Amino acid sequence: MDLSRPLWINESERKHELFWLDKNEITLESALNFNASIIEQLRPIDLSVYPDLGKTYINLSKIFRINENNSLLVNGADGGIREVFLSLCNKYQAVILDPTFAMISVYPNNMRNNYLKVNYELNDKKLSIDINKLIKTLSSTSKPPLLVIASPDSPTGNVIDIDELNFLLKNIRKLNGIMLFDGTYALYKSYDYMLEVIEIIKNSKNALFTTSLSKSPGLAGVRLGFLTGSIDLIDKIRSIRPMYEIGSMQSRIIEIVLNDWETCLKTIQEIIQNKYNLEELLENSGCHIIPAVGNFSLFKSNQKIDFILNQLCYYRKNFKSDSLKGLSRLSSPPNAFIKKLKKSIKE
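Description of the structure in this document. (Residues numbered from 1 in each chain as written. Predicted model: local features only at pLDDT ≥ 70, side-chain atom pairs only at ≥ 80, totals over all residues. Heavy atoms only, no water.)

Below, the discussion takes up the pattern of salt bridges. Tallied over the entire structure, the rule returns 11 salt bridges. Between arginine 14 and aspartate 22 there is a salt bridge whose closest N-O contact spans 2.8 Å. Just as arginine 14 is buried, aspartate 22 falls in that class too. The closest approach of N and O atoms between glutamate 121 and lysine 133, which form a salt bridge, is 2.7 Å. Here glutamate 121 is found in strand β5 (residues 121-123), whereas its partner lysine 133 is found in helix α5 (residues 131-138), with 12 residues between them in sequence. Shared partners join several salt bridges into a network, and the residues in it are Arg14, Asp22 and Glu25. (Salt bridge = Lys/Arg side-chain N within 4 Å of Asp/Glu carboxyl O. Buried < 20%, exposed > 50% of the residue type's maximum accessible area, 1.4 Å probe, protein only. Helix = DSSP H or I, 4+ residues; strand = E, 2+ residues; numbered from the N terminus.)

The subject of this paragraph is the packing of aromatic side chains. Enumeration according to the criterion identifies 10 aromatic pairs in this entry. Ring geometry for phenylalanine 19 against phenylalanine 337: centres 5.3 Å apart, planes inclined by 75°, an arrangement best described as edge-to-face. Placement of the pair is phenylalanine 19 in strand β1 (residues 19-20) and phenylalanine 337 in helix α12 (residues 335-346), with a sequence separation of 318 residues. Residue classification places phenylalanine 19 among the buried positions, given a relative accessible area of 16%. Judged by relative accessible area, which is 0%, phenylalanine 337 ranks as buried. Lysine 275 extends its terminal NZ or CZ atom over the ring of phenylalanine 296, reaching a point 5.7 Å from the ring centre. When the ring centre of phenylalanine 296 is taken as origin, the NZ or CZ atom of arginine 329, which lies over that ring, is 5.9 Å away. (Phe/Tyr/Trp six-rings, centres within 6.5 Å; stacked < 30°, edge-to-face > 60°. Lys NZ or Arg CZ within 6 Å of the ring centre and 35° of its normal.)

Right, let's get into a nonpolar patch on the surface. On the surface, Tyr50, Met243 and Tyr244 cluster together into a nonpolar patch covering about 410 Å² of accessible area. Here tyrosine 244 shows up in the loop between α8 (231-238) and α9 (248-258). Exposure remark for tyrosine 244: the relative accessible area of 34% places this residue in the partly exposed category. (Patch = residues over 30% accessible without salt bridge, like charges linked within 9 Å, V, L, I, M, F, W, Y side chains within 5 Å. Areas by Shrake-Rupley, 256 points an atom, 1.4 Å probe, with all protein chains shown as cover.)

Strand order across the open sheet formed by 3 strands is β11-β12-β14, with antiparallel pairing between neighbours. In the strand order of this sheet, the two ends are held by β11 (288-290) and β14 (328-331), each with one partner. Strand after strand, the sheet turns through a mean of 35° between neighbouring axes, direction not considered. Packing of helix α10 (residues 261-284) onto the sheet brings it into contact with β11, β12 (296-300) and β14, and relative to β12 it is tilted by some 10°. (Pairing = 2+ DSSP bridges. Axes fitted to C-alpha atoms, helices over the stretch in contact; angles between N-to-C directions. Contact = heavy atoms within 4.5 Å.)

Our focus in this paragraph is the side chain of serine 151. Note on placement: serine 151 falls in the loop between β7 (145-150) and α6 (162-174). There is a polar contact of 2.7 Å between the side chain of serine 151 and the backbone nitrogen of isoleucine 160. For serine 151, the contacting residues outside a window of four places in its chain are Asn158, Val159, Ile160, Phe181, Asp182, Gly183, Ala186 and Tyr193. (Polar contact = N/O pair within 3.5 Å; in protein donor to acceptor, adjacent residues only side chain to side chain.)

In the segment running from aspartate 98 into proline 99, the intervening peptide bond is cis, with an omega of 0°. Relative to the assigned elements, proline 99 resides in the loop between β3 (93-98) and α4 (103-110). For the bond from serine 216 to proline 217, the omega torsion is 15°, close enough to zero to count as cis. Looking at where proline 217 falls in the secondary structure, it is placed in the loop between β9 (207-212) and β10 (225-229). Positive phi, close to 55°, is recorded for arginine 112, a residue that is not glycine.

Now for the packing of helix α2 (residues 53-64) against α9. Contact geometry for α2 and α9: axes closest at 10 Å, N-to-C directions at 30°. As far as their axial angle goes, α9 and α2 are roughly parallel. Helix-helix and strand crossings are classified by hand; for α2 and α9 the assignment is left-handed. Here Leu53, Lys55, Thr56, Asn59, Leu60, Ile63 and Phe64 of α2 lie close against α9, whose contacting residues are Ser251, Ile254, Glu255 and Leu258. Looking at the contact of α2 with α9 residue by residue, the class counts come to 6 nonpolar, 3 polar and 2 charged. (Parallel < 35°, antiparallel > 145°, perpendicular 65-115°, else oblique. Left-handed = near helix turned anticlockwise from the far one by under 90°. Nonpolar A, V, L, I, M, F, W, Y, C, P; charged D, E, K, R; others polar.)

Attention now goes to the sheet that holds strand β2 (residues 71-74). The sheet built from 7 strands is open, its strands ordered β2-β10-β9-β8-β7-β3-β4 with mixed pairing. Unpaired on one side and paired on the other, β2 and β4 (116-119) mark the two borders of the sheet. Across this sheet, the average inter-strand angle for adjacent strands is 20°, counted without regard to direction. Packed onto the sheet, helix α7 (residues 191-202) meets β8 (178-182), β9 and β10 and runs at close to 145° relative to β9.

Time to look at the layout of surface pockets. In this model, the second largest pocket occupies a volume close to 280 Å³. Forming the walls of the second largest pocket are 16 residues, and the residues nearest its centre are Gly157, Val159, Pro291, Ala292 and Val293. For the lining of the second largest pocket, the elements supplying multiple residues, two or more each, are β6 (126-128) and α10. For the lining of the second largest pocket, the leading source of residues is α10, giving 4 residues. When its residues are assigned to classes, the lining of the second largest pocket shows 9 nonpolar, 4 polar and 3 charged. (1 Å grid on protein atoms, 1.4 Å probe; cavity = no way out; pocket = protein on both sides within 12 Å on 5 of 7 lines; lining within 4 Å. Points joined across faces, edges and corners; volume = space filled by probe spheres on them.)

Below, the structure written as structure tokens:
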């Protein structure tokens, strides 16, 4: 069991002459323009003083219908997942889906939590989780289960619908377990879906919700997110928070973003449209598309498309998971990439 974490100095730098479409980062032109407008509104004082986070929590409450009593600012959804495992890991046995966000398995592994996995299955050209198998696994844990589930998930793009969410929560309550719901991609299902999930989670004594601004509107470099849910669980996690959850610069950025939330929602729709435009090009070039909700496309590639993509961008291929074997993934691209891909396909 490898308990180490990689050193950044050993990581290869990505070349700027290629499009970066391998990590589900947002590089759409309008999103970058929005980021430029954020930078213009930052002030020198934001670098010099400690944050006033009371105002930040008020801004969160307006958009996500939460309050400081039942929420906690974190460094991206990754930070939320980490805080949950640090605070609760010893009392629960983790149950995770596979494949999913990598850190969901890294934390319990490195904390020596004997976690269990339930694999995604590819049936009728669609990736999904067998809910009955998941319930059976939850019932087999040696301690109360800690189910960590993302919806939509990455890299599968699978969505847990509201009825499935309520069914899972009902069973977790019976087992005195906890659910941690990762909603990083929830806005790609819809804003209403995200709000409904948050409402269900915060009214449950056995559930937590985490999300990030990395994928919506596209602030991966800022590391911003929050946890919300059961007040009792949030209180336990808050007891070991640092002096300030985030810095003044992060606080100022989230204020700017939430004050222009309509632009964020519009940007997400543009990202989804570019995803569809990309998938149409790939499908017309002989690739098979796997339905997936999120800012990425899953597809079965071919030799011609692989050759073109290797010249244009970084992208994911050669997944190790059985359910994704032979599939590739592209982040939803900027318009400039679609233009170049279209030209390369015609040549």
